[in-house]
Amino acid sequence: MGKIRKPKHNKVKNNVVPDNIDNEEQIPVDSKESAIQTIVDQLQAANVEEKYCGLQTFALLIETPQNIDQVIERGLVKIVAPLLLDPASSVRNAAAGTLRNLSAVKLDICDSLMEQDVMTPLTCYFHEHAEKWIPDSNCKTKDEDSDTLVQCVNLLLNLCESSELAIKYLGQSRILDILPRYLDLPIFGNEIVSNTLQCLFVVIEDNPVAMQKIKSNSEMQLKTLLSLEGTDPAVLLLKTLSAGVIINTCGGNIATLPVDVINQIFLILANTLAVDHRLVCSQLSSSMPLSDCSGKVEAPKGKEAQVLEKQMKSVLQMLDAQQGAIEIIANICSCEDSDDSLQGNDSSESDDADEDINENCEETLLAEDRLPPNVLEALVNLEIFEKVWARTQLPAQNVVMILKEYEGTQLIFKRINSLQTRALLCINNLLSTLPLENLGGVNGVYKVWVDAGKLVFKVKSDNLILMESATAVMRASLDKIKFRETGTFTDSSLFRDLSLSDIEVMLTGIRECQVPEIRSNLIRMIGILALLLVSNLNEITSNVICAITEFILEQSLKENDVWVLAEAVDTLVDLYSEDETDALAAKVKLVDKLAVIGPILKNKARQQKKLPKEYKVLVSTAVSNLPRFLKYKKNRISKL
C-alpha cells in the first residue's frame, strides 16, 4: 500500500445567512433555471450589495448536491471566480468561501473548476492581495480579509490535490514564494498559519520544485513552529503539520533529516496521538445543549455560546492534529521501495513474465528491514502502533449521536469518522512495517483481525471507505500471521477450530459486495485463512478449505473486474502450491475448473488494458502463472 493522500477539508459554510428571507424571496419559484438566471444577473451587477446577495444565494444553492451539475453546466464558476479580485472585501470573502465549499464537494468538481479557469483569478488573488497583506488591528475588514485568505488557501489545496494542471499552474506562479510569509505565528495567528501549513503539506508532496522552494524559503519558520512549547490542541496541530511539511520537503524520506530532528518529530507525533479523542469528544457532548420536550434544541447565547464555540474549535484542532500525525506515520511506513520494484516489473510485457514472477517470489527483504533502525526504534519505543490503533475506536454511541444531531458539531462528527478511516489505513501500513513481536505477537495481530472484522461484518456500515480500510487491515493482519520474520509459516492453532459457520458470514459479505477493492481484500483474506489451515488438516479444516476454494471458483466466474479475477486466481495458486493440498485439489476438481477460468482471465486482460500499474502486474502475473501451475498440479494429482 502506498502513501495515503490528504483528504479534502470538509466544506465550511461561509457567509451563509439562512435567516435572510429577503435573499430567498428574490428568487423566482417557478423554476431552478430562472433562479440561476437571477443569480447570474446579481453577480454581474455593478452594485456591491447585488453581487454579495448573488453570492449568498449561490452558496445556498450549492448546499443541495442535486444543484451542482446544473451550476457547473451554466458556467457560474466563470462568473464567480473573478469576484476573488473584486474591490469590495465582502464580495471577495463571499466568493472565496463559496468556491472553497464547491471544491470540497467531490474530486471531479475540482476538474470542472479548472476547466472553468478558476486558477487564473485565484493566482491573481495571491499576487495582488496576499503578497504584502498584514492584518491591521485597526482595519474594519481585518477578520473578513483573514477569512478570505484562509478560504483561498484551502481552495488552492483542494485544486492541487485533485488536479495535476493546478500543480503546474502553482509552479508557474509566485504563490510558493508568498505562502511562507504566512508561517509567521506572531503576525498572522494560529488559523492562518495552520491552514497555510495544511496546504503546503499537500502541494509539495511528490513535487520537487515546490519542495525546494519551501525548503529554502521556510526552513527557519518551520523549525520555530516545530519547537513551540505547550500541549494545547492549537499548538499540537501547528507542530504536527510543521513536522509533515519538513518531511515532505525531503521527498518524504525522513531518514535524510538530522537525528535530533527525527527524534523531535516522532515525539511530537506520539504526544499528539496520546490525547484521548474519545474522552475529549465525550466531554464536549456533555456541554451540548439538551433538546426540550418537543425535540427542539435551543442554541446557547452570550458567554455560554462563546465557551461552547471555543471548546468545539479546540476539539476540531485536536482531531485535525491527530489525523495529520496518522497520515505522516502512514507515509513513513508506506514502503515505497516495494512499490517501485513492482512498478519496475511492469516495464516489459508478458514475454518476460517468468523473470518478473521469479523476482517477485524470491523477494526476501522484509518490509521492516527497509526502515532505518532509528525510525523503527522510535515507532516501537513510543508505542505508535498502539496509539494509532486507539484512533480506530469511535467514542461511545450516545456521544456520536449527540455530535451528529447538533448542527454546531456535525463537522466534528465527520472528523471522528474520517480519523477512524485514516487510522485503519495507517494500521495497514504499520502491520506491513513493524516486526511481529512489536505488534503483540501472533495473538496481538489476531485480535486486530477480529476487531477489524467486527467493523466489516457486524457494523454493516454504508461508509465504503471505512469498509475498504477495515478489509485491508484484515488482509494485512492475516498476511502478518502467515509469515514470521524467517518467511516460514506460523503455527495456525488460532484457526484450527474454525468451522464453516464461522466463515459463512464472510462469504456472504463478499457475495453482496459491490466495491471491487473490498471484494479483492476479502477474497485474498479468506484465501490466506485457508492457507493457514493447511498445516492442521483434519476433517473440519479440510471442509473449510474446500468451501473457500469452491466459493472463490464460483466468484471468479461472476467477476467482471479483471484485476479482482486475477487476485482470486493468484489466491488459489498460492493456496494449492503446497503439496499437502493435492488430495483437496482433486476433491474440488481444481485443475478442471481453473482450466475453464484461464481463457476468461486472458480475454478480460485483453479487454481491460487501462489499469493502474500495480493491477497490471497482478494480472500479468496471474495470466503467466496459471498455465504452469495447472500443468504442475495435474501431474501431482495424477500420482495420487
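Residues numbered from 1 in each chain as written. Predicted model: local features only at pLDDT ≥ 70, side-chain atom pairs only at ≥ 80, totals over all residues. Heavy atoms only, no water.

We now examine the overall build of the protein chain. When helices and strands are tallied, the protein chain shows 32 helices and zero strands. Taking all 640 residues of the protein chain together, 52% fall into the buried category. Contacts in the protein chain between residues far apart in sequence, at least 24 positions, make up 77% of those at least 6 positions apart. Surface summary for the protein chain: the accessible area is close to 29100 Å², and the carbon and sulfur share equals 51%. (Helix = DSSP H or I, 4+ residues; strand = E, 2+ residues; numbered from the N terminus. Buried < 20%, exposed > 50% of the residue type's maximum accessible area, 1.4 Å probe, protein only. Contact = heavy atoms within 4.5 Å. Areas by Shrake-Rupley, 256 points an atom, 1.4 Å probe, with all protein chains shown as cover.)

With that settled, consider the packing of aromatic side chains. Counting across every chain of the model gives six aromatic pairs. Aromatic side chains Trp 133 and Phe 188 sit 6.2 Å apart centroid to centroid with 35° between the ring planes, which places their arrangement in the tilted category. Remark: Phe 188 occurs in helix H12 (residues 185-203) and Trp 133 occurs in the loop between helix H8 (119-130) and helix H9 (142-162); sequence separation between them is 55 residues. For the pair Tyr 182 and Phe 188, a centre-to-centre distance of 4.5 Å together with 55° between the ring planes defines the contact as tilted. For Tyr 182, a relative accessible area of 0% puts it in the buried group. Counting every residue linked through ring pairs, the aromatic cluster contains Trp 133, Tyr 182 and Phe 188. Directly above the ring of Tyr 182 sits Arg 181, whose terminal nitrogen or CZ lies 5.0 Å from the centroid. (Phe/Tyr/Trp six-rings, centres within 6.5 Å; stacked < 30°, edge-to-face > 60°. Lys NZ or Arg CZ within 6 Å of the ring centre and 35° of its normal.)

Our next topic: the confidence of the model for the protein chain. Do not read the predicted coordinates in detail wherever pLDDT is low. Averaged over the protein chain, the pLDDT score is 85; the fraction of residues at 70 or greater is 86%. Mean pLDDT values for the elements of the protein chain range from 37 in helix H1 (residues 21-25) up to 97 in helix H21 (residues 384-390). Segment residues 336-364 is flagged for pLDDT under 50; beyond a separation of four residues in sequence, or across chains, it makes 29 contacts in the model. (pLDDT = per-residue confidence, 0-100.)

The next subject is helix H20 (residues 373-381). When H20 is considered as a whole, its buried residues turn out to be Val 375, Leu 376, Ala 378 and Leu 379. Down the axis of H20, the buried side of the element spans an arc of 160°, and every buried residue falls inside it. Turned more than 90 degrees away from the buried face of H20, the exposed residues are Pro 373 and Asn 381. Contacts from the buried residues of H20 go to helix H15 (259-273), helix H17 (302-332), H21 and helix H23 (410-433). Remark: Glu 383 follows H20 within two positions and exhibits a positive phi of approximately 55°. (Arc of directions from axis to C-beta.)

When you line up the elements, Ser 194 lands in helix H12. The class for Ser 194 is buried, based on a relative accessible area of 12%.

Taken as a whole and judged by the stated rule, the model has 21 salt bridges. The salt bridge partner of Asp 177 is Lys 213, with a shortest N-O separation of 3.5 Å. With Asp 177 in helix H11 (residues 175-178) and Lys 213 in helix H13 (residues 208-226), this pair connects stretches of sequence that are 36 residues apart. Overall, Asp 177 belongs to the partly exposed group, its relative accessible area being 41%. In this structure Lys 213 comes out as partly exposed when scored by relative accessible area, which is 22%. Close ionic contact of Lys 454 with Asp 451 constitutes a salt bridge, the shortest N to O distance being 3.7 Å. In this pair, Lys 454 and Asp 451 both sit in helix H24 (residues 441-457), three residues apart, roughly one turn of the helix. Connected through shared salt-bridge partners, Arg 475, Arg 524, Glu 567, Asp 570 and Asp 574 make up one network. (Salt bridge = Lys/Arg side-chain N within 4 Å of Asp/Glu carboxyl O.)

With that out of the way, let us pick up the environment of Leu 176. With respect to the helices and strands, the residue Leu 176 is situated in helix H11. Along the chain, Leu 176 and Val 203 lie 27 residues apart, while their C-alpha atoms are 9.5 Å from each other. Other than its neighbours up to four places away in sequence, Leu 176 contacts Leu 170, Leu 200, Val 203, Ala 210, Lys 213, Ile 214 and Asn 217.

Turning our attention to a negative patch on the surface. Residues Asp 69, Glu 73, Asp 108, Asp 111 and Glu 115 make up a contiguous surface patch of negative charge. Those elements giving two or more residues to the negative patch turn out to be helix H4 (68-73) and helix H7 (107-115). With three residues, H7 is the single largest residue contributor to the negative patch. Of note, Asp 111 is situated in helix H7. (Patch = residues over 30% accessible without salt bridge, like charges linked within 9 Å, V, L, I, M, F, W, Y side chains within 5 Å. Lys, Arg positive; Asp, Glu negative; His and termini not counted. Charge placed at Lys NZ, Arg CZ, Asp CG, Glu CD.)

A few words on the packing of H24 against helix H25 (residues 464-482). At a minimum axis distance of 8 Å, the contact between H24 and H25 shows a crossing angle of 155°. When the axis of H24 is compared with that of H25, the two are roughly antiparallel. Pair H24 / H25 crosses with left-handed handedness. Facing H24, whose interface residues are Val 442, Val 445, Tyr 446, Val 448, Trp 449, Ala 452, Gly 453, Leu 455, Val 456 and Phe 457, H25 presents Met 467, Ala 470, Thr 471, Val 473, Met 474, Ser 477, Leu 478, Lys 480 and Ile 481. (Axes fitted to C-alpha atoms, helices over the stretch in contact; angles between N-to-C directions. Parallel < 35°, antiparallel > 145°, perpendicular 65-115°, else oblique. Left-handed = near helix turned anticlockwise from the far one by under 90°.)

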